[in-house]
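Here are the chains, one letter per residue:
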Amino acid sequence: MTISELLSRVRAALADALLFPPDPDTAGQANDALQEVTRWAWLPPLSGVAIAEDRALRTHENAAANAAEQAEKTH
């Protein structure tokens, strides 16, 4: 093997490893990859919903407490 052949093989291996994602070998690997993509795609929106829920709950509790205080002051 000459130096140029070796460099060509190294370049091809690096290009395959860095530029192109590997194809799954089995249906199980394909399913696992799909589950990973699905989980990471939905995680940020679900986190935002959870944060909004906490904020809405605190806001509602504060508003209800303020309304109760105002009702006590007027009676």
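Our structure is the block above this text.
Conventions adopted
Residues numbered from 1 in each chain as written. Predicted model: local features only at pLDDT ≥ 70, side-chain atom pairs only at ≥ 80, totals over all residues. Heavy atoms only, no water. Helix = DSSP H or I, 4+ residues; strand = E, 2+ residues; numbered from the N terminus. Buried < 20%, exposed > 50% of the residue type's maximum accessible area, 1.4 Å probe, protein only. Areas by Shrake-Rupley, 256 points an atom, 1.4 Å probe, with all protein chains shown as cover. Patch = residues over 30% accessible without salt bridge, like charges linked within 9 Å, V, L, I, M, F, W, Y side chains within 5 Å. Salt bridge = Lys/Arg side-chain N within 4 Å of Asp/Glu carboxyl O.

Enquirer: What is the right way to read the overall build of the protein chain from this model?
Expert: Secondary structure assignment for the protein chain yields two helices and zero strands. For the protein chain, the proportion of its 75 residues judged to be buried stands at 0%. Just so you have it, the protein chain exposes about 6900 Å², and 64% of that area is on carbon and sulfur atoms.

Enquirer: Whenever I open this one, a nonpolar patch on the surface confuses me. Can you help?
Expert: Taken together, M1, L6, V10, L14, L18 and L19 make up a surface patch of nonpolar side chains, about 660 Å² in accessible area. Its location among the elements puts L18 in helix α1 (residues 3-19).

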